[in-house]
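A closer look at the structure
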Number of protein chains: 2
Amino acid sequence: MTVTIKDVAKLANVAPSTVSRVIANNPRISEKTKHRVREAMEHLGYHPNFNARSLANRSTQAIGLVMPGSADKAFQNPFFPEVIRGISTIVHEKEYALFMSTGQTEDEIHDGVVRMVQGGRVDGIILLYSSVDDKVMNYLIEKKFPFTVIGKPFKNEDAITHIDNDNFKAAREMTDYLISLGHDKIGFVGGSSHLVVTIDRLLGYEKSLRIHHIPYRDEYIIHEEFLKEGGQEAIRKLMALEEPPTALLVMDDLMAFGVLSTLSEMNISVPYDISVLSFNNVMLADFSTPALTSVDINIFQLGYEAADCLMDLIAKPDLTPRRIAVPYKLVERQSCMALSAPKEKTI
Amino acid sequence: MTVTIKDVAKLANVAPSTVSRVIANNPRISEKTKHRVREAMEHLGYHPNFNARSLANRSTQAIGLVMPGSADKAFQNPFFPEVIRGISTIVHEKEYALFMSTGQTEDEIHDGVVRMVQGGRVDGIILLYSSVDDKVMNYLIEKKFPFTVIGKPFKNEDAITHIDNDNFKAAREMTDYLISLGHDKIGFVGGSSHLVVTIDRLLGYEKSLRIHHIPYRDEYIIHEEFLKEGGQEAIRKLMALEEPPTALLVMDDLMAFGVLSTLSEMNISVPYDISVLSFNNVMLADFSTPALTSVDINIFQLGYEAADCLMDLIAKPDLTPRRIAVPYKLVERQSCMALSAPKEKTI
DNA sequence: TTGTACGCGTTATCAA
DNA sequence: TTGATAACGCGTACAA
């Protein structure tokens, strides 16, 4: 039914192997026959069968994407679409395809990855997150399968090609920034503490406090998923403290939206009563009220570089591991202000 | 290197074909040997090679996803993540994998799909959008390749299994709703007019106006992508009309965020000066100020059903085409109010 | 109930 | 520069 290399060969009066060479653009085929073969391909509407090719080749032209936890929640966050956008750019350039494994629990995801890898569906993998002692990462390392990760590996940092921002430094600087605005009661609102990014940023936050001789208080630290109600509670508790924070360092714009909304319900005004600074600088950050002051971490580039490195890795599997630090930049909008400023509201 | 069916056969002291049958859970293999073979598989860490299987089988265990325009912009919209979430659920259940083609322009996307299909990478395809005279859809029809579409096909409606909301009815009802609130100057803010959903809703909007003897005005209709500046202009013009609308029917929450933001910059208050009603009921709709009154179109279910139908279609290619209408529901929040209400602001 | 042999569409090796 | 031929790993008639 489907037109194969043999049909082309017959029509062009050559051997199948010749057709194969034409496809690979083998230099030792005369331009003349190349032409003839290509015409035959065109004429018949030939398209190579990737499975057959992979089988003979041990190379699919595809890479796999692994998302954290349930792709569910992950996908709700604009971070992932954006990072995939960066990845697609490279992937498309190289004529690769994208494969996504699906799975809700950690185990399901692991199984999905195993099937992808052992099943020969992909040539390499990008981990879209980095968590402490990650099963998938361990598997990939053990298998010596080409992969890159977005975020810093918890261990084996030097042995794994990874792309991230310098989250420690970023969090430190942002805390510095809030302090420079006069704040010394600064809350930290993070996501799962299994995520290395959370850990790194918490460390940076601590460091800044220490340098400025500001005491670190446990009650200022929140770890909540925040996509749902849980987070609201946490914020309420935080603001009910005897000395509530006057500034919040939030790990993610999506969380920040939740925070903003809760705060607004509590009639606490941002930025007049409390400043909010978050990470990611998602497109929507511009549209919230007040517009979010957020750290642009160049999500697109994170994806782009991750894919780029992976391509290199696939080509040369024993390339020495690299670490690429993507720059970040604070985008000041309306959700932060100096503590000392007069507390007058404009309308 | 990799462990194959033969290795398993050897270890279990059976023929490769027997192993193959065990994998397929062929009933005419004795439980005893099944057990033995399974132990061997376990022991060796065997995983079937999908490419080989596909070749012999002409069935990949994968389906392809096609996004509109540049996956870029598409992906910015929470609609797609959510719809994919619905798809993943089924896909995972059936142990399928997800394939995404990448491409920026319409032609690139088309090529990607052709490669997916002819290359034998997928067993079926879900179109995540429906546009007028779509190249990809035409191709799929011509090839008689199994596919379902989310949205209503522009033509051949009866011949294509598709899942959508009744967008005509929905838009009519929502317009009715705004009219019932006392509005008779209602703007329509839509996306690309190549999208069938836009067309259907515009028709529904018109219908409602006609029934209520409200004149249809061209100057009340906007078609803008809205993710960027373009939309701002359009809204400014709209509000600068001699008789600016007192209510806006917006096709998408993301656009609505943009509208809200522009309106706020213009010091036009929602809902006191103008009501805004939008579609999709994205998670973030709850967090905007004011919280968006939005139509919940059950995005998740759209994806879920589309995948479900596709699975049926793959199993029985000449199943008669179906149309599944997913219910929708208005979620009233703070962005709409009755026109006759006193125009007093609560702080 | 199980084994043999061939085909799926390519690529790669070796000759010519 | 090109052609045969043997893999690649699996499914499946057909035979036993």
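Residues numbered from 1 in each chain as written. Chains lettered and ligands numbered in written order. Predicted model: local features only at pLDDT ≥ 70, side-chain atom pairs only at ≥ 80, totals over all residues. Heavy atoms only, no water.

Under an unreviewed UniProt entry, the name given to chain A is LacI family DNA-binding transcriptional regulator, and the source organism is Fictibacillus terranigra.

1. Comments concerning the sheet that holds strand S10 (residues 293–296) of chain B
Residue and element names in this part refer to chain B. Using the following cut-off: Two strands pair if DSSP finds at least two bridges between them. Counting from the N terminus, the helices are the DSSP runs of H or I reaching at least four residues and the strands are the DSSP runs of E reaching at least two. All axes are obtained by fitting lines to C-alpha atoms, using only the stretch in contact for helices, and the reported angles, taken between N-to-C directions, cover 0 to 180 degrees. Any two residues whose heavy atoms approach within 4.5 Å at even a single point are treated as in contact.
With mixed pairing, the six strands of this open sheet are ordered in space as S7-S6-S8-S9-S10-S12. Either end of the sheet is taken by a strand with one partner, and the two such strands are strand S7 (221–223) and strand S12 (329–331). Direction aside, neighbouring strands of the sheet carry axes that sit 20 degrees apart on average. Pairing of strand S9 (residues 275–279) with S10, which is carried by three bridges, proceeds in the parallel orientation. Along S10, the bridge assignment pairs Ser 278 with Ser 294. Helix H12 (residues 253–265) rests against strand S6 (186–190), strand S8 (247–250), S9 and S10 of the sheet, and its axis sits at about 160 degrees to S9.

2. Concerning the protein's contact with DNA strand D
Rule in force here: Whether a residue is near a molecule or strand depends on its heavy atoms: if one lies within 4 Å, it is near. Pairs of N or O atoms within 3.5 Å make up the polar contacts considered here, provided that, within protein, one atom can donate a hydrogen while the other can accept it, and that residues adjacent in sequence are counted only when both atoms are side-chain atoms. Under the scheme applied here, ten amino acids are nonpolar (Ala, Val, Leu, Ile, Met, Phe, Trp, Tyr, Cys and Pro), four are charged (Asp, Glu, Lys and Arg), and all others, including Gly, are polar.
The full set close to DNA strand D counts 26 residues, and Thr18(A), Arg21(A), Ile5(B), Ser20(B) and Tyr46(B) are the nearest of them. When atoms of DNA strand D within 4 Å of the protein are split into backbone and base, the sugar-phosphate part holds 66%. At a separation of 2.5 Å, a phosphate oxygen of DNA strand D approaches a polar backbone atom of Ile5(B). Elements with a minimum of two residues in the surface near DNA strand D: helix H2 (16–23) and helix H4 (50–57) of chain A together with helix H2 (16–23) and helix H4 (50–57) of chain B. Each residue belonging to the surface near DNA strand D can be placed in one class, and the counts come to eleven nonpolar, ten polar and five charged.

3. A word on the side chain of Lys34(A)
Residue and element names in this part refer to chain A. The following threshold applies: When a residue's accessible area, from a 1.4 Å probe over protein chains only, is under 20% of the maximum for its type it is buried; when over 50% it is exposed; and in between it is partly exposed.
Secondary-structure assignment places Lys 34 in helix H3 (residues 31–44). Accessibility expressed as a relative area gives 4% for Lys 34, which makes it buried. Apart from residues lying up to four places away in sequence, Lys 34 is in contact with Val 22, Asn 25, Asn 26, Pro 27 and Ile 29.

4. A word on the relation of the copies chain B and chain A
In plain terms, the rule: The copies were overlaid by least squares, fitting only the C-alpha atoms of residues that reach a pLDDT of 70 or more in each copy.
The operation relating chain B to chain A is a screw motion whose rotation component is 180 degrees, with 0.0 Å of axial translation and a residual RMSD of 0.1 Å. On the angle and the small slide along the axis, the relation comes out as a two-fold axis. Comparing contact sets, 100% of the residues at the interface of chain B also lie at the interface in chain A, consistent with an isologous, same-surface contact.

5. Examining the sheet that holds strand S2 (residues 97–100) of chain B
What the twelve strands build is an open sheet, ordered S11(A)-S5(A)-S4(A)-S3(A)-S1(A)-S2(A)-S2(B)-S1(B)-S3(B)-S4(B)-S5(B)-S11(B); its pairing is mixed. Whereas interior strands pair on both sides, the edge strands pair on one side only; in this sheet they are strand S11 (323–325) of chain A together with strand S11 (323–325) of chain B. For this sheet, the mean angle separating the axes of adjacent strands, direction not counted, is 20 degrees. Bridge analysis of strand S1 (residues 62–66) of chain B against S2(B) gives four bridges, and the strand direction is parallel. In the sheet register, Gly64(B) faces S2(B), and the bridge partner there is Phe99(B). Lying on the sheet, helix H13 (residues 299–315) of chain A is in contact with strand S1 (62–66), strand S3 (124–127), strand S4 (147–150), strand S5 (162–164) and S11 of chain A; it crosses S4(A) at an angle near 165 degrees. Contacting S1, S2 and strand S3 (124–127) of chain B, helix H7 (residues 106–118) of chain B runs over the sheet at an angle of about 170 degrees to S1(B).

6. Considerations on the protein's contact with DNA strand C
By nearness alone, 27 residues border DNA strand C, and Ile5(A), Ser20(A), Tyr46(A), Thr18(B) and Arg21(B) come closest of all. When atoms of DNA strand C within 4 Å of the protein are split into backbone and base, the sugar-phosphate part holds 67%. Take Thr33(B): an N or O atom from its side chain is 2.8 Å from a phosphate oxygen of DNA strand C. In the model, a phosphate oxygen of DNA strand C is placed 3.1 Å from a nitrogen or oxygen of the Arg58(B) side chain.

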